[in-house]
Amino acid sequence: MELENKKIKIQAKNLNVYYGAKQALFNINLEINQKEVTALIGPSGCGKSTFIRCINRMNDVIDICKVDGSIEIDGSEINDKKVDVVMLREKIGMVFQKPNPFPKSIYDNIAYGPIIHGLAEEKNQMDNIVETSLKKAALWDEVKDRLDEPGTSLSGGQQQRLCIARALSVSPEVILMDEPCSALDPIATAKIEELIDELKKSYTIVIVTHSMAQAVRVSQKTGFFHMGKIIEVDSTDKIFKNPSNKMTQDYITGRFG
Amino acid sequence: MNLLLLAIILAFSLSSYFFGRSEARKLVTGNIKLNALPAYYGYFLALWCGLPALIIFGGWSLFESTIIKTLILSDFSNIQSRDLFYERTLSFFNGNFSGEITNEIKVASERYAYLNNLAHNSKIALVASAIIASVVFAYKKIKNNNKARDDVEKILKILLFTSSLVAILTTLGIIASLLFESIKFFSTINIIDFLFGTSWSPQRAFVRDASTITPEEFLELKDAFGSVPLFAGTAFIALIAMCVAVPIGLFAGIYLAEYASTSVRKYSKPIIEILAGIPTVVYGFFAALTVGPFFRSLGESLGLTVSSESALAAGLIMGIMIIPYISSLSDDIINSVPQSLREGSYAIGATKSETIKKVVIPAALPGIIGSILLAVSRAIGETMIVVMAAGLAANLTINPLESTTTITTQIVMILVGDQEFDSPKTQAAFALGLTLFIATLFLNYIALRVVKKYREKYD
């Protein structure tokens, strides 16, 4: 199938994560293919968010969190001490569960990343970045006349697309999405999903979701997590039509979780 | 005697709680259901029993002595120095009067004994009838199975409203008294001279009845009450204090909120907050005895003339006193900035300090400005440190090494000791107080406007 033809973008090997004395992830091995959408599903607290936070080393922020094992992106190890997280996070954007625009104008929200990474020297370059990012996030037409207004004045769905535009502004290669639609209504959700479909042409996307239907709609590959372990990973088609594991079967048919 | 009466009222009130509760329980027969829990009937009866009696008791006790005094003095219209006469009557009545006993005092004393007795008996009668009347009224309502829960809620609401009314009326009273005395002051001293005059020397108007001031003296007084040096001194010392407190307090707050580990935070925050608990008089003598002389010797070794009471010493110590107000508040405010904003910033590759500078501080700004303005009004109102460390001379200066003075210090100086309250000098204290009050009110208004503006922008 097409799975075999894809290039591997991210590869986790024997990944273990601990919060203090509690182990959150056990021996995770997972391959994420370039330029497609990988969905991670599983009941709450199963470790799927913890996993994607390992990919951009967001767990560094948490004092008691310890990560053990290997994650390679394009074949180079990211858990190495020598890796600069600033450069890593420039390459890997992230969108969160709840829209979290900064308390700044729409324009400044997008310009934030490029300023930090020194991507634009002149005003018109920055204008250009802001415009393309907003266009990629399908938000430009709605906000082009009010770029000075605070990002927080937008609706929930618009805020989430603003956050996606913000992640796109530094031209990442990977976008991590942690339940990006859980705080949105169905119409806003449909817009985001449409957007994900469009974005996968240029970006590698990993999405954590609680909605089975969403995983089916947007992803090509699905991983099922349970109690900190990966139970099954396969093409989305196979997972939802013919899972090989009994637990996966029970979860997708709604028998638990 | 009053205490006993009070105890009796409270005892009645308490027992009527139990009585009301048990009466309510008795109502439950067959298909009759109570409209509230039995305890509510207890509360209802207790409140009705206690409150009217307490109000009558309190009101009577408050006005009793004044009414008796007026009644007695109205009988002796030909007596000079009436207050003194009344004092003598009272001490004669109590049996510890040692002066010359006049016939009038004897008569007045008998009258006092009669009125006092009458007042006392009628107080007891009134309180007793209030208790009986209101208990009977409330008892009848209970028997009709009233909605005790709603009624108790209503009574409590009235009680709470009265409390806030007391607070509001007190504020209004204070403002009125400030205003009243200030108007008297401004009838002697021109308000323009007071607000814009640059020389402050109220000693020149030493204890003098305003009505007896001659035109020459009046001209002299004209430039004795220029308050500009005081306002300048106040603003200057507050400025020095804020220069110390804002950076240190803010940075300490940021460290505590963003960098300090949980255990460091747990111990260092209370330690910083101890600074706010030190009595200001301790800061005052620390400033006057340690810091002031230190600056003077330091200045002398550099060839500068430094007054041992200097604006710098007072402002510095005041700044240290204010640090915890800013650090503690900004720590709380920074902590309340949602973690999701920080994560959003980290996720795009920002470092910790970039995140703090560009996301956390702007989000926390309204609160931080609020805490700074709170600290400013604390600095302006602070008295003890400046009394001890800044001096009393009203110099109009911007040299921090010279001594200067503040509004609060001068109010203290004016009112210390025995004073006639109708001299312009003492009335000046009220005028200063009023101006200070207006200035602080204006500051608070600006603060609220600023905070509101930023809030609209950032939330």
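Residues numbered from 1 in each chain as written. Chains lettered and ligands numbered in written order. Predicted model: local features only at pLDDT ≥ 70, side-chain atom pairs only at ≥ 80, totals over all residues. Heavy atoms only, no water.

Participant: If you had to explain the pairing of strand E2 (residues 22-33) of chain A to someone new, which residues and values would you point to?
Facilitator: All names here are of chain A. Both strand E1 (residues 8-19) and E2 contribute to a ladder of eight bridges, which runs antiparallel. Residue Gln11 lies in a different strand from E2, and its bridge partner there is Glu31. Between E1 and E2, which pair antiparallel and follow one another directly, the connecting turn spans two residues, one of which, Gly20, has a positive phi of 60°. (Pairing = 2+ DSSP bridges. Helix = DSSP H or I, 4+ residues; strand = E, 2+ residues; numbered from the N terminus.)

Participant: Could you give an account of the sheet that holds strand E10 (residues 229-235) of chain A, with specific residues and numbers?
Facilitator: Residue and element names in this part refer to chain A. A sheet is described by the order of its strands in space; here six strands give the open sequence E6-E7-E8-E3-E9-E10, paired in mixed fashion. Unpaired on one side and paired on the other, strand E6 (92-95) and E10 mark the two borders of the sheet. For this sheet, the mean angle separating the axes of adjacent strands, direction not counted, is 15°. Summarising the sheet, E6 and strand E7 (residues 174-178) pair through four bridges and their orientation is parallel. The residue of E7 that forms the bridge with Met94 is Leu176. In the packing of helix H2 (residues 48-55) onto the sheet, the strands contacted are strand E3 (37-41), E6, E7, strand E8 (204-208) and strand E9 (221-226), and the crossing angle to E7 comes to about 155°. (Axes fitted to C-alpha atoms, helices over the stretch in contact; angles between N-to-C directions. Contact = heavy atoms within 4.5 Å.)

Participant: A description of the environment of Met94 of chain A should follow, citing residues and the corresponding values.
Facilitator: Within the fold, Met94 of chain A resides in strand E6. Along the sequence, Met94 of chain A and Ile175 of chain A sit 81 residues apart, while their C-alpha atoms lie 5.5 Å from each other. In this view, Met94 of chain A contacts Ile52, Arg53, Asn56, Met58, Ala167, Leu176 and Asp178 of chain A together with Ala347 of chain B; residues no more than four positions away in its chain are not counted.

Participant: Hey, could you go over the side chain of Glu36 of chain A for me, with residue numbers and the actual values?
Facilitator: Residues and elements named next belong to chain A. Looking at the element boundaries, Glu36 is found in the loop between E2 and E3. Note on Glu36: relative accessible area 2%, which makes it buried. Within the structure, Glu36 has its side chain in polar contact with the side chain of Asn33 (distance 3.2 Å). (Buried < 20%, exposed > 50% of the residue type's maximum accessible area, 1.4 Å probe, protein only. Polar contact = N/O pair within 3.5 Å; in protein donor to acceptor, adjacent residues only side chain to side chain.)

Participant: Could you give me a rundown of the domain arrangement of chain B, with the residues and numbers involved?
Facilitator: Domain parsing of chain B yields domain 1 (2-146) and domain 2 (228-416). A straight line from the C-alpha centre of domain 1 of chain B to that of domain 2 of chain B covers 51 Å. (Domains from an automatic or database assignment.)

Participant: Please set out helix H2 (residues 38-75) of chain B residue by residue, giving values where relevant.
Facilitator: In this model, H2 of chain B (38 residues) spans 55 Å end to end at C-alpha, consistent with the 56 Å of a helix rising 1.5 Å per residue. Its axis deflected by about 40° at Glu64 of chain B, H2 of chain B carries its strongest bend there. (Expected span 1.5 Å × (residues − 1). Bend = angle between axes of the 7 residues up to and from the residue.)

Participant: Break down the packing of aromatic side chains for me, with residues and values.
Facilitator: Counted according to the given criterion, the structure contains 15 aromatic pairs over all chains. On the basis of an interplanar angle of 85° and a centroid distance of 5.2 Å, the ring pair of Phe185 of chain B and Phe225 of chain B is categorised as edge-to-face. One end of the pair, Phe185 of chain B, is in helix H5 (residues 148-188); the other, Phe225 of chain B, is in the loop between helix H7 (215-222) and helix H8 (228-259), and 40 residues separate them in sequence. Residue class for Phe225 of chain B comes out buried when judged on its relative accessible area of 0%. Plain terms: the ring middles of Phe186 of chain B and Phe194 of chain B are 5.3 Å apart, the flat faces sit at 70° to each other, and that makes the pair edge-to-face. A relative accessible area of 23% means that Phe186 of chain B is categorised as partly exposed. By relative accessible area, which is 0% here, Phe194 of chain B ends up buried. Taken together through their ring pairs, the aromatic side chains of Phe185, Phe186, Phe194, Trp200 and Phe225 of chain B make up a single cluster. A cation over an aromatic ring shows up here: Arg166 of chain A above the ring of Phe102 of chain A, its NZ or CZ 4.2 Å from the ring centre. Stacked on the ring of Tyr259 of chain B, the Lys or Arg Lys352 of chain B has its end atom at 5.1 Å from the ring centre. (Phe/Tyr/Trp six-rings, centres within 6.5 Å; stacked < 30°, edge-to-face > 60°. Lys NZ or Arg CZ within 6 Å of the ring centre and 35° of its normal.)

Participant: Account for the interface of chain B and chain A, naming residues and giving values.
Facilitator: The accessible area lost on association of the parts is a frequent measure of interface size. The interface is formed by 21 residues belonging to chain B together with 24 residues belonging to chain A. Overall, the association of chain B and chain A removes approximately 1800 Å² of surface from exposure, summing both partners, and the carbon and sulfur fraction of that is 62%. At the surface where chain B touches chain A, the tally comes to one salt bridge. The salt bridge involving Arg53 of chain A is made with Glu343 of chain B; its shortest N-O contact spans 3.0 Å. At the surface where chain B touches chain A, the tally comes to six residue pairs in polar contact (both at pLDDT 80 or more). Elements supplying a minimum of two residues to the side of chain B that touches chain A: helix H12 (339-347), helix H13 (352-381) and helix H16 (424-458) of chain B. Counting residues per element, the side of chain B that touches chain A draws most heavily on H12 of chain B, at eight residues. Residue classes in the side of chain B that touches chain A are distributed as nine nonpolar, seven polar and five charged. (Buried area = accessible area lost by both parts, 1.4 Å probe. Salt bridge = Lys/Arg side-chain N within 4 Å of Asp/Glu carboxyl O. Nonpolar A, V, L, I, M, F, W, Y, C, P; charged D, E, K, R; others polar.)

Participant: Account for helix H1 (residues 2-27) of chain B, with residues named and values stated.
Facilitator: Residue and element names in this part refer to chain B. In this model, H1 (26 residues) spans 37 Å end to end at C-alpha, consistent with the 38 Å of a helix rising 1.5 Å per residue. Every buried residue belonging to H1 is among Leu5, Ile9, Ser13, Ser16, Tyr17, Gly20, Glu23, Ala24 and Leu27, and all of these are buried. Contacts made by the buried residues of H1 are with H2 and helix H4 (103-143).

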